[in-house]
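# Observations on the three-dimensional arrangement
The lines below spell out each chain.
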Amino acid sequence: MNTTSELIKLHNNTIMKATLSRAGFHHIHKIADTLQGAVWKGSSQVSPRHVHVIKATNKYLHEQSISTKGDKVHHIDENIMTERLIMDFLSKKQDLPKSIVKYHSFFHTSSHFYLCMEYGGKPLFDFVLKAHKLISQGHLDISEWHKVIKIIFKQMIECIEYIHKYNICHYDLSLENFLINDCQIQEQHNNDHTHIYDNSEI
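Residues numbered from 1 in each chain as written. Predicted model: local features only at pLDDT ≥ 70, side-chain atom pairs only at ≥ 80, totals over all residues. Heavy atoms only, no water.

## Let's talk about the packing of helix H5 (residues 124-136) against helix H6 (residues 142-165)
- Interaxial distance between H5 and H6 falls to 11 Å at its minimum, and their mutual angle equals 165°. Judged by the angle between their axes, H5 and H6 are roughly antiparallel. In this structure, H5 meets H6 at a crossing whose hand is left-handed. Of the residues in H6, those touching H5 at Leu124, Phe127, Val128, Ala131, His132 and Ile135 are Ile142, Trp145, Val148, Ile152 and Met156.
- Counted by class, the contact of H5 with H6 contains ten nonpolar, one polar and no charged residues. (Axes fitted to C-alpha atoms, helices over the stretch in contact; angles between N-to-C directions. Helix = DSSP H or I, 4+ residues; strand = E, 2+ residues; numbered from the N terminus. Parallel < 35°, antiparallel > 145°, perpendicular 65-115°, else oblique. Left-handed = near helix turned anticlockwise from the far one by under 90°. Contact = heavy atoms within 4.5 Å. Nonpolar A, V, L, I, M, F, W, Y, C, P; charged D, E, K, R; others polar.)

## Examining the pairing of strand E4 (residues 66-69)
- Judged from the four bridges that link them, E4 and strand E5 (residues 72-75) form a sheet pairing that is antiparallel. In the sheet register, Thr68 faces E5, and the bridge partner there is Val73.
- Linking E4 back to E5 in an antiparallel pair, the connection comprises two residues, with Gly70 at a positive phi of about 65°. (Pairing = 2+ DSSP bridges.)

## Focus on the sheet that holds strand E2 (residues 37-44)
- The strand order across the open sheet built from five strands is E1-E2-E3-E7-E6, with neighbouring strands paired in antiparallel fashion. Two strands lie at the open edges of the sheet, namely strand E1 (25-33) and strand E6 (103-108), each paired on one side alone. Put simply, the sheet's adjacent strands are angled 25° from each other on average, direction ignored.
- The pairing of E1 with E2 spans six bridges and is classified as antiparallel. Residue pairing for E2: His29 is matched across the bridge by Lys41.

## Concerning the packing of aromatic side chains
- In the structure shown here, the tally under the stated rule is five aromatic pairs.
- Taken together, a centroid distance of 5.7 Å and an interplanar angle of 85° make the contact between Phe89 and Tyr166 edge-to-face. Note that Phe89 is positioned in helix H4 (residues 80-91) and Tyr166 in the loop between H6 and strand E9 (179-188), a separation of 77 residues in sequence.
- The ring of Tyr119 has Lys41 sitting right over it, with the charged end atom 4.2 Å from the ring centre. (Phe/Tyr/Trp six-rings, centres within 6.5 Å; stacked < 30°, edge-to-face > 60°. Lys NZ or Arg CZ within 6 Å of the ring centre and 35° of its normal.)

## Concerning the pattern of salt bridges
- Taken as a whole, this structure holds six salt bridges when the rule is applied.
- With a shortest N-O distance of 2.9 Å, Lys30 and Asp33 are connected by a salt bridge.
- For Glu118, the salt bridge is made with Lys102, and the minimal N-O distance between the two is 3.7 Å. Here Glu118, found in strand E7 (residues 112-118), pairs with Lys102, found in the loop between H4 and E6; they are 16 residues apart in sequence, far enough to count as distant.
- Owing to a relative accessible area of 29%, Glu118 belongs among the partly exposed residues under this scheme.
- You can call Lys102 partly exposed: its relative accessible area is 26%. (Salt bridge = Lys/Arg side-chain N within 4 Å of Asp/Glu carboxyl O. Buried < 20%, exposed > 50% of the residue type's maximum accessible area, 1.4 Å probe, protein only.)

## Quick word on the confidence of the model for the protein chain
- For the protein chain, per-residue confidence averages 84 on the pLDDT scale, and residues scoring 70 or more make up 84% of the total.
- No element of the protein chain has a lower mean pLDDT than strand E10 (residues 193-201), which averages 44, and none a higher one than E7, which averages 96.
- Here residues 184-202 is modelled with pLDDT under 50, and outside its nearest four sequence neighbours on either side it reaches 67 contacts, counting other chains as well. (pLDDT = per-residue confidence, 0-100.)

Below, the structure is given as structure tokens:
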């Protein structure tokens, strides 16, 4: 496989979605593209109430340690097999905090690896952007936002401290790689003021 166009074809959403359907997932939709595949969200037919996130990685791109972006090929250092082992290891620990997404299962086909984990919510980056927009519009009080930041930051530190406890390092700490769940920004139009009601897990 030599041409960039052939490599780009490896990001085949139809194949990934069909595989997840055959694996027993329904209400499947893509959340995001990754460097070597895509991230999907779906419910298991075995436990419909439980929503899972499935990271699909193309085997060829994984074996070659490459990714495609636009018309260019890049060498990357990502390993879904290592990611699977780490998640499985941590998820078996009795002291695992609720703020860390847990491993569910792993399977593969001739073309892709599929790493399944519990649904952890939406990217923290998107949540922060929304809050900053409301602050700039005068709809969210900065003191209210500071209360939520303290809760979020505490959980972020908890996650990092926990993985360091087991000599595991995360090399891509960013707001995109933290997820936030059960947190709503609610705008009260009667007094033009927004409050954040927080029961968050990130």
